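Chain by chain, the residues:
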Amino acid sequence: MSSATRPGDVVGTDDRVAALAQTLRDSPGPLLPRAAGTKDALSTPPAGASPLDVRALNGVIDYDPAELTFTAMAATPVREIVELLAAQRQYLPFDPPWADAGASLGGTVAAGVSGPGSYRHGGVRDFILGVRLLDGSGRLISGGGKVVKNAAGFDLPKLMVGTLGRMGILISMSFKVFPLPEAWTTLRVKTEGLTDSLTIATRLARSSFELETLDLDPPRELWLRLGGRAAVLARRADRLARFVDRPTEQLTGSDDVRRWQEARELTWVGPGSALVRVATTPGKLTALDAALAAAGAQRRYSRGGNAAWLAWPEAHPLTRLDQILKELRLAGTRLRGGDGPPLLGPPQGGAFAARVRAVFDPHDRFVEI
Amino acid sequence: MPVDRLLDQLRRMLPRDRLLIEAAACAAFSCDALTSFQVLPEAVVLADSTEEVVAVVAACHDERVPFVARGSGTSLSGGSLPIEGGIVIAMNRLNRIVHIDPEQRVATVEAGIINSRISEAARPQGLFFAPDPSSESVCSVGGNVAFNSGGAHCLKHGMTSSHVLELKVVLPDGELVTLGGESLEGAGPNWLGLFVGSEGLLGVALEVTVRLLPLPETTHTVLAAYPSLEAAGDAVTQIVGSGLLPVAIEIMDALAIQAAEASVKPGYPDAPALAIVELEGEREVVEADAEALDVVIAASEPLEVRSTTDSAERALIWQGRKSAFSAVGWLAPDYIVQDGVVPRTRLAEALAEVVALSASRGVRVANVFHAGDGNLHPLILFDGAEPGALERAEATAGDILRMCVRLGGSITGEHGIGVEKRDYLEELTATEDLALMRRIRLAVDPHELANRGKMLAPQPAA
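Residues numbered from 1 in each chain as written. Chains lettered and ligands numbered in written order. Predicted model: local features only at pLDDT ≥ 70, side-chain atom pairs only at ≥ 80, totals over all residues.

Draft legend 1. Molecular detail of the overall build of chain B. From N to C terminus, chain B includes 16 helices and 20 strands. For chain B, whose C-alpha radius of gyration is 22 Å, the value lies close to the compact-globule estimate of 23 Å for 462 residues. Sequence-distant contacts in chain B: of pairs separated by 6 or more residues, those separated by 24 or more amount to 72%. (Helix = DSSP H or I, 4+ residues; strand = E, 2+ residues; numbered from the N terminus. Rg over C-alpha atoms; globule rule 2.2 N^0.38 Å. Contact = placed C-beta atoms within 7 Å.)

Draft legend 2. A look at the overall build of chain A. Tallying secondary structure elements over chain A gives twelve helices and 18 strands in all. Relative to the 2.2 N^0.38 estimate, which gives 21 Å for 369 residues, the radius of gyration of chain A is 21 Å and therefore close to what a compact globule would have. Dimensions of chain A, computed from the C-alpha atoms along their principal axes, are close to 60 × 50 × 35 Å. Across the 369 residues in chain A, those meeting the buried criterion constitute 57%. In chain A, the share of contacts with a sequence separation of at least 24, taken over all contacts with a separation of at least 6, comes to 68%. (Buried ≥ 20, exposed ≤ 12 C-beta atoms within 10 Å, placed from the backbone.)

Draft legend 3. Focus on the environment of Leu214(A). All names here are of chain A. Positionally, Leu214 belongs in strand 11 (residues 213–217). A count of 24 C-beta atoms within 10 Å places Leu214 in the buried class. Along the sequence, Leu214 and Gly270 sit 56 residues apart, while their C-alpha atoms lie 23 Å from each other. For Leu214, the contacting residues outside a window of four places in its chain are Tyr119, Ala201, Leu204, Leu224 and Gly304.

Draft legend 4. Structural detail: the domain arrangement of chain A. All names here are of chain A. What the domain assignment reports for chain A is domain 1 (3–179), domain 2 (183–254) and domain 3 (274–338). Its C-alpha centre places domain 1 at a distance of 27 Å from the equivalent point of domain 3. The partner domain 3 presents nine residues to the nine residues of domain 1 that form the contact. For the side of domain 1 that touches domain 3, the secondary-structure elements that each account for two or more residues are helix 2 (40–43) and helix 5 (118–121). Of the residues forming the side of domain 1 that touches domain 3, the biggest block, three residues, is contributed by helix 2. Here the side of domain 1 that touches domain 3 is built from residues that sort into six nonpolar, one polar and two charged. (Domains from an automatic or database assignment. Nonpolar A, V, L, I, M, F, W, Y, C, P; charged D, E, K, R; others polar.)

Draft legend 5. Structural detail: the sheet that holds strand 2 (residues 43–46) of chain B. All names here are of chain B. The strand order 1-2-4-3 describes an open sheet built from four strands, whose pairing is mixed. The sheet terminates laterally at strand 1 (19–20) and strand 3 (67–70), the two strands that pair on one side only. Sheet topology note: the strand 1/strand 2 ladder contains two bridges and is antiparallel. Directly across from Leu19, in strand 2, lies its bridge partner Val45. Each of strand 2, strand 3 and strand 4 (87–90) touches helix 3 (residues 50–63); the most contacted strand, strand 4, lies at about 170° to it. (Pairing = 2+ DSSP bridges. Axes fitted to C-alpha atoms, helices over the stretch in contact; angles between N-to-C directions.)

Draft legend 6. Representation of the interface of chain B and chain A. Counting residues at the interface gives 79 residues for chain B, matched by 76 residues for chain A. When contributions to the side of chain B that touches chain A are tallied by element, the ones reaching two or more residues are strand 9 (176–180), helix 7 (191–195), helix 8 (229–240), helix 10 (283–299), helix 14 (389–406), helix 15 (422–428) and helix 16 (431–444) of chain B. Ranked by residue count, the leading element in the side of chain B that touches chain A is helix 16 of chain B, at eight residues. Of the residues that constitute the side of chain B that touches chain A, the class distribution is 34 nonpolar, 30 polar and 15 charged.

Draft legend 7. Seen up close, the sheet that holds strand 18 (residues 365–369) of chain B. Residues and elements named next belong to chain B. Spatial ordering of the open sheet is given by 15-12-14-13-18-20-16, a layout of seven strands whose pairing is antiparallel. Two strands lie at the open edges of the sheet, namely strand 15 (304–308) and strand 16 (334–337), each paired on one side alone. Recorded for the sheet is a direction-independent mean angle of 15° between the axes of neighbouring strands. Pairing of strand 16 with strand 20 (residues 378–382) involves four bridges; the strand directions are antiparallel. Across the sheet, Val337 pairs through a bridge with Leu379, a residue of strand 20.

Draft legend 8. A look at the packing of helix 13 (residues 347–361) of chain B against helix 14 of chain B. All names here are of chain B. With their axes 10 Å apart at the nearest point, helix 13 and helix 14 run at an angle of 155° to one another. Accordingly, the angle class assigned to the pair helix 13 and helix 14 is roughly antiparallel. Seen along the crossing, helix 13 lies across helix 14 with a hand that is right-handed. Facing Ala350, Glu353, Val354, Leu357, Ser358 and Arg361 of helix 13, the residues of helix 14 in contact are Arg392, Ala395, Thr396, Asp399, Ile400 and Met403. Split by residue class, the contact of helix 13 with helix 14 holds six nonpolar, two polar and four charged. (Parallel < 35°, antiparallel > 145°, perpendicular 65-115°, else oblique. Left-handed = near helix turned anticlockwise from the far one by under 90°.)

Draft legend 9. Main features of the domain arrangement of chain B. Each assigned domain of chain B is listed here: domain 1 (2–90), domain 2 (97–214), domain 3 (218–406) and domain 4 (418–447). A breakdown of the residues in the side of domain 2 of chain B that touches domain 4 of chain B according to their chemical character gives four nonpolar, one polar and one charged.

Draft legend 10. Region of the structure containing the nonpolar core. One finds Ile89(B), Leu274(B) and Ala275(B) to be the most contacted residues of the largest nonpolar core, which totals 256 residues. Tallying contributions element by element places helix 8 of chain B first for this core, with seven residues. (Core = buried A, V, L, I, M, F, W, Y, C linked by C-beta atoms within 7 Å.)

Draft legend 11. The arrangement of helix 7 (residues 194–205) of chain A in detail. Residue and element names in this part refer to chain A. Here helix 7 contains twelve residues, and its C-alpha end-to-end distance of 16 Å stays within 8% of the 16 Å for a straight helix at 1.5 Å per residue. The complete set of buried residues in helix 7 reads Leu194, Ser197, Leu198, Ile200, Ala201, Leu204 and Ala205. All buried residues of helix 7 fall inside an arc of 165° around its axis, so they share one side. Those residues of helix 7 that are buried lie in contact with strand 11, strand 12 (221–228), helix 8 (230–244) and helix 10 (285–294). (Expected span 1.5 Å × (residues − 1). Arc of directions from axis to C-beta.)

Draft legend 12. View of the environment of Arg303(A). Secondary-structure assignment places Arg303(A) in the loop between strand 15 (298–302) and strand 16 (307–312). Assessed through the 28 C-beta atoms surrounding it within 10 Å, Arg303(A) is described here as buried. For the pair Arg303(A) and Tyr119(A), spaced 184 residues apart in sequence, the C-alpha separation works out to 4.6 Å. Not counting residues within four places of it along the chain, the set of residues in contact with Arg303(A) comprises Pro116(A), Ser118(A), Tyr119(A), Leu184(B) and Glu185(B).

Draft legend 13. The confidence of the model for chain A, seen in detail. Residues with a pLDDT of 70 or more make up 96% of chain A, whose mean pLDDT is 94. In the model, residues 1–11 of chain A has pLDDT below 50 throughout and makes 38 contacts with residues more than four positions away in sequence or in other chains. (pLDDT = per-residue confidence, 0-100.)

Draft legend 14. Representation of unusual backbone geometry in the model. Residues and elements named next belong to chain A. The peptide bond linking Pro218 to Pro219 adopts the cis configuration, its omega dihedral lying at 5°. Mapped onto the elements of the fold, Pro219 is located in the loop between strand 11 and strand 12. Even without being glycine, Leu266 reaches a positive phi, approximately 55°. Note on placement: Leu266 falls in the loop between helix 9 (253–265) and strand 14 (274–279).

Draft legend 15. Region of interest: the confidence of the model for chain B. On average, residues of chain B score 95 in pLDDT, and 100% of them reach the 70 mark or higher. The ipTM for the predicted assembly is 0.96, set against a pTM of 0.96.

Draft legend 16. Quick look at the packing of helix 12 (residues 350–360) of chain A against helix 16 of chain B. Taken N-terminus to C-terminus, the directions of helix 12 of chain A and helix 16 of chain B make an angle of 145°; their axes are 9 Å apart at the nearest point. When you trace helix 12 of chain A past helix 16 of chain B, the crossing you get is right-handed. Every residue of helix 16 of chain B that contacts helix 12 of chain A at Phe352(A), Arg355(A), Val356(A), Ala358(A) and Val359(A) is listed here: Arg439(B), Ile440(B), Ala443(B) and Val444(B). Among the residues making up the contact of helix 12 of chain A with helix 16 of chain B, the classes are represented as seven nonpolar, no polar and two charged.

Draft legend 17. Looking closely at helix 3 of chain B. Residues and elements named next belong to chain B. Taking 1.5 Å of rise per residue, the 14 residues of helix 3 would be expected to cover 20 Å, and the 20 Å separating its terminal C-alpha atoms lies within 8% of that figure. Of all the positions in helix 3, only Thr50, Val53, Val56, Val57, Ala59, Cys60 and His61 are classed as buried. Of the residues trailing helix 3, Arg64 is marked for its positive phi of about 60°.

Draft legend 18. Summary view of the pairing of strand 12 of chain A. Residues and elements named next belong to chain A. Of all the eight residues making up strand 12, seven are buried; the element is thus mostly covered by neighbouring parts of the structure. Taken together, the five bridges between strand 11 and strand 12 define a ladder with antiparallel strand orientation. Pairing of Asp217 across the sheet is with Glu221, part of strand 12. The antiparallel pairing of strand 11 with strand 12 creates a hairpin that spans three residues between the two strands.

In structure tokens:
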């Protein structure tokens, strides 16, 4: 196959990759890849396992602004990519969390995390095009490609999203990107409470407004961001304010930027708590919110009520949260703080998951999921 | 014989009118839209419920008889071609909408439902299902899942994979699993992402939960005619790089235009090439973007430009485009639909090469494709009655695929590997990568019963 079709083909002869493959083969126990370590719950090895430093896998391999795609090594900081793209008026619409804290591209894929901006165009799994990885036997595997459409063979890039560093060592990845909106503005909406917020969120989700974000901060705030041509932004914001029909405050310029930077960096999470992201639905938010409030957990709801970010207080065992999630049939991932297994709630994928995972890790070189 | 034992079991399970065994009755299922491949199945089960599909799959597993689940049989790569010595599980009767939840913007449907029926059912709620393959009025959602189908509007909205949230699946040994969930977010590995596009090798999707999108406030469609295919390709590269985010960008060449005019008469400009560009969204945004698009198109020196926001005119434009594959039947007795991808910046170069290949091999090629994605669909025309014509057409198709790979693209954008491109996948994929795919397949289906021989050649022992 021609080199141009293989994401990060350059790494095939890369000493850094060869060294990682050797470490993997020689390791007496399971390894857990770690780049910047911004999601410590996912990069801190459990007893009996060792960390695997992958920070050497750093650098953008290829970026063609006219093509709206790029390929980068897994440990490349997201922030570098965001800056590189912004210089060409492009962006990663899935809005990776902890970019300022130093999060890597590979860590973002492995954790399967997307930021508030994923409301508009989709999450990390909707933008990944290609991947190279070392499987548990130290083989360098590539899947997908660099073009925006590819139906040749199993979709390994999509599978890698959320694998938590437990099905392979991500080496490099290709993504599609979108044109960066020219300007932004945000409406902070005061509602009458969570039920009212949800009613408005549902009306918005079914409307033709193309919102970049739709966040619900309990108990009484909605945050709506619009992006696009500066010339029509004010008119759109007016129309949006009339539609929601609640008291609003409009944020522009640095105020707008700061709000979403804080949301993306999760700066509201207090020390000592465990940060968990729950995959939920607007319909289950009321029940989830009541259970979280009873436990005294801080929480924010993003992506139109599909992502619940919560700070589980140190005083309560995580097993209680696990129980709550099982009862509500919601799955969560612990990203920061706390201890125990990172996945909470009902197990996912059943027999399918067990069989596929065994293919990637036949010799137990990775930490169990 | 295992097949005989299976048929005995099926006779006990199913009423006579839903188990086809006579060759004459099975013949209708012996091929899909890739008609050059035909295999007569041992039997066809017209499944009536998801429970029945599970029972039939389990019975096939017990007797080690291969099976293919078939929706509407519109695969262009032979994805639903029957397997030698195997049975067909026809999914068409599993066509219920289980529920639509407009508040959560999701719909759960049975896998045999026709794609466009979801949007029809969701429209009164102001919602639609985005994946829109040209065959949307006949193809099944289960098939869309198996092949991660695209369509003209996936430029902005993404492929089927971006619109499927949850799947109820029967694994090839009869075990039931649920992959994904109703949330747009996930937790843990994206097992669902692996299943979508796996061409029926990892099991049968029974129920599909899809996300629905709100209908756009307005849509603006532009037709621009060009003096050559290359010029149209260049214009598309300019549009893609302009900072606009059209929902669709399509190109048709003179032969495709001629074919469309001969069938649905969309009234396209008479030109060597035509680009269709569509913007949709909030009114203010679309109006401003349309002005910017006009500037980019004017700079690309078109022969003629027309635009419309009228829904009837727009429907006719798309009817012409979407009928192009079948309309080509007006131009030649036979044709091969090819599907390849090139980087969007190399469209003009790729199109010039297709034109040159067509001339040098003396084969007529009609071009109609999703240009915004770099997804080419050359239609290679021939007359099967003429000696050597099929071989020349196939050789041209192969040349086009190799060109796609050489330019940094892919051998399929949305039609999949099926039986048609299995050899190309082997030729053009690294050994380790192919070996991993095989290991995944064997881990999930050790006896290679589910759609054996598609995408991957079966193991010699199978």
